[in-house]
Amino acid sequence: MPAPEKLLHVSVWRGTAAGGFRSYQVPRQDAQTVLDVVTWIQRRIDASLAYRFACRVGMCGSCAMTVNGIPRWTCRTHVARVATGERLQIAPLANLPIVRDLVVDMTEFFDKWARAKGGFVPTATRRGDFARVRPDSTSRRAVDAAIECIGCAVCYAACDVIAWNPAYLGPAALNRAWTLTRDVRDGARRERLAAVAGDAGCHACHTHTLCSERCPTRLSPTLSIAGLKRTTALATLRGEL
Amino acid sequence: MSARAETLAWLAQRASAAILALCVTVHLATLIVAVHEGLSAAAILGRTHGSVTWAAFYVLFVVAVSVHAPLGLRTIAAEWLSWKGRTADGACVALGIVLLVLGIRAVTAVTL
C-alpha cells in the first residue's frame, strides 16, 4: 500500500487590496520551490490565479512575493526552508499596489529609478576609444559590489521607510544611483546627487538594513545608500550641490 | 527644502549627535561622581560658578540639543504624522529656539 501523500497547506492572497486569503492543499514534494507551489495551484486547482514569473532561475526578478510575511524570490526559495509546520502563506509584495492576486504594479518602483537618475549618461562618443577602467580600482570595485541588482523589488517591499514615506526613492533606485555615481564614464554626477539628496532620497534612510538582509542576490543597498550620504555631504560642503 | 538644505540638515543632525554622545557621557559621569562623593547642591554650584570650562561645555551641550532634537522631531512628524513643509519646519525652528533659550538660561544660572 503506498504511503499517504504529504500535503502542504497554502494560503494565497486572492483579489485586490480588498481581497483576502484562500486556502489550498498542494502535494508536498522534495526540492519543491514556492514558485512550484503557486504554479501547481494555478495549473491544477484554479486557473484564474494571477502571478508573475519568467526565468525560474533567479535572473529575471519577476517572481518575488511575500512568503510567510517575508519578501522573497519564489523561484529560488525552497519550501523546506520557509514552511512552518507544512504551512505557507503567500501574498503579493508589500509597498506596491496590488493589480490582482499575487501581481503588483511595479510602475512606481521603476519610475523611482528614473527619478533617481538611474540612466547612464555617457561622456564619450562612438568615435572615441574604449574607456579603460581598471577592475581593481576603488571606484570600479564599489560599482561591482552593487551592480548585480535584478530589479525584483524585494528590498522595496522590505523597506519600512517606504511604508512611512511613499515618496522615498527606495533601496533599489538608490543602489542604482550609487553604481552610476561611482562609474568614471558617467557624466551626470551632479544632477544625480541632487536627485538622490533630501527627504525622499538617501537622507531618509534609517539604516534598518532590511533591504540588505532580504536582498536575494546578497547586495547591500544599505552600504550604497551610506555611500550616497557621504558623497552628497561632501558635495554640499564643496558647494557642488 | 532644497537638496542642499536637506543635506545640510542631515549633516547638522549627525554632527550634533556626535557632540551629544560625548556630552551625555561626560554629563552622566560627572553626575555619578558627584553623587558618590556626596556633594551637596551648594558644593556643586561652588565648583561650577565662575568656571569657564563648565560654561563652555554646557553651552556646547545646549547648542547640540537645540540642533539635534528639532531635526529629529521634524523627521518623526513627517513620517508618523505626515506633517511636513513650512509649518513643520517653522515649528521645529521655534522648538530649537525655545530649547536654546531655556538651556542657556540654565547654564548661566549655574556658571555665572
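Position numbers for residues start from 1 in each chain and track the written sequence from start to end. Here the convention is simple: chains get letters from A, ligands get numbers from 1, in the order in which they are written. With pLDDT at 70 or above as the cut-off, local features in this predicted model cover only qualifying residues; side-chain atom pairs require 80 or more to be listed or tallied, and sums for whole chains, interfaces and linings still use all residues.

J.: Sorry if this is basic, but what is going on with the overall build of chain B here?
T.: Runs of H or I in DSSP of at least four residues are treated as helices and runs of E of at least two as strands, each being numbered from the N terminus. From N to C terminus, chain B includes four helices and zero strands. Start at the N end of chain B and walk to the C end: the helices and strands fall as α-α-α-α. When its C-alpha atoms are laid out on the principal axes, chain B stretches across 50 × 25 × 20 Å. Burial is judged by counting other C-beta atoms within 10 Å of a residue's own C-beta: 20 or more means buried, 12 or fewer means exposed, and anything between counts as partly exposed, with every C-beta placed from the backbone. Within chain B, the proportion of its 112 residues that are buried is 16%. For every residue pair, C-beta atoms are placed from the backbone, and the pair is scored as a contact if these atoms sit within 7 Å. Here the analysis covers contacts within chain B between residues at least 6 apart in sequence; of these, 77% occur between residues at least 24 apart.

J.: Can you walk me through the interface of chain B and chain A in this structure?
T.: Think of interface size as the accessible area that goes away when the parts come together; that is how it is often given. Contacts between the two partners involve nine residues from chain B and, on the opposite side, eleven residues from chain A. When residues of the side of chain B that touches chain A are traced back to their parent elements, those giving at least two are α1 (3–36) and α3 (52–81) of chain B. Each residue gets one label: Ala, Val, Leu, Ile, Met, Phe, Trp, Tyr, Cys and Pro are nonpolar, Asp, Glu, Lys and Arg are charged, and the others, such as Gly, are polar. Residues that form the side of chain B that touches chain A fall into these classes: five nonpolar, one polar and three charged.

J.: Mind showing me how you'd approach helix α3 (residues 107–115) of chain A here?
T.: Since the α-helix advances by 3.6 residues per turn, residues separated by three or four positions end up pointing in the same direction. Residue and element names in this part refer to chain A. By the burial criterion, the buried members of α3 are F109, K112 and W113. Along the long axis of α3, the arc covered by the buried residues comes to 105°, so they all point the same way. Seen from the open side of α3, the exposed residues pointing more than 90 degrees away from its buried face are T107, D111 and A114. On its buried face, α3 is in contact with α5 (154–158) and α7 (171–181). Taking the helix axis as origin, the arc is that swept by the directions to the C-beta atoms.

J.: Sorry if this is basic, but what is going on with the domain arrangement of chain A here?
T.: Residue and element names in this part refer to chain A. According to the domain assignment, chain A contains domain 1 (7–104) and domain 2 (107–237). Where a domain begins and ends is set by an automatic assignment or by a domain database. Between the C-alpha centres of domain 1 and domain 2 the distance comes to 29 Å. When residues of the side of domain 1 that touches domain 2 are traced back to their parent elements, those giving at least two are β3 (64–67) and β4 (70–73). Per-element accounting of the side of domain 1 that touches domain 2 gives the leading share, four residues, to β4. Split by residue class, the side of domain 1 that touches domain 2 holds nine nonpolar, four polar and two charged.

J.: Please explain the pairing of β3(A) as it appears in this structure.
T.: Each regular strand displays side chains that alternate between the two surfaces of the sheet. Residues and elements named next belong to chain A. The two faces of β3 match: A64 and T66 on one face and M65 and V67 on the other face are all buried. When DSSP finds two or more bridges between a pair of strands, those strands are recorded as paired. Of the strand pairs in this sheet, β3 and β4 are connected by four bridges, and their pairing is antiparallel. Looking across to β4, one finds that A64 is bridged to W73. What sits between the antiparallel neighbours β3 and β4 is a turn of two residues, in which N68 has the positive phi angle 50°.

J.: Help me understand the nonpolar core in this model?
T.: Most often, soluble globular proteins have nonpolar side chains that are buried together. As used throughout, a nonpolar core is a set of buried Ala, Val, Leu, Ile, Met, Phe, Trp, Tyr and Cys residues joined through C-beta atoms within 7 Å of each other. Ranked by size, the top nonpolar core spans 68 residues in total, and within it I90(A), A153(A), V154(A), L174(A) and V196(A) carry the most contacts. With six residues, α7(A) is the single largest residue contributor to this core. Both domains that meet at this core, namely domain 1 (7–104) and domain 2 (107–237) of chain A, each give it at least three residues. For V196(A), the contacting residues outside a window of four places in its chain are A116(A), L169(A), L174(A), A177(A), G201(A), C202(A), L228(A) and T232(A). Of all hydrophobic cores here, the second largest spans six residues; its members include V62(B), A64(B), V65(B) and V107(B).

J.: Mind showing me how you'd approach the packing of α1(B) against α3(B) here?
T.: To describe two helices that pack against each other, one gives the angle between their axes and the distance between the axes. Residue and element names in this part refer to chain B. One way to put it is that α1 packs onto α3 with a least axis distance of 8 Å and a crossing angle of 135°. Considered as vectors, α1 and α3 are oriented oblique to each other. As α1 packs across α3, the resulting crossing turns out to be left-handed. Here A9, A12, Q13, S16, A17, I19, L20, C23, V26 and H27 of α1 come into contact with α3, specifically with F57, L60, F61, A64, V65, V67, H68, L71 and G72. Axes, fitted as lines to C-alpha atoms, cover a helix only where it is in contact. Angles between the N-to-C directions of the axes lie from 0 to 180 degrees. Note that the term roughly parallel is reserved for angles under 35 degrees, roughly antiparallel for angles over 145, roughly perpendicular for angles of 65 to 115, and oblique for everything else. Here a crossing is called left-handed whenever its near helix is offset anticlockwise from the far helix by less than a right angle, and right-handed whenever the offset is clockwise.

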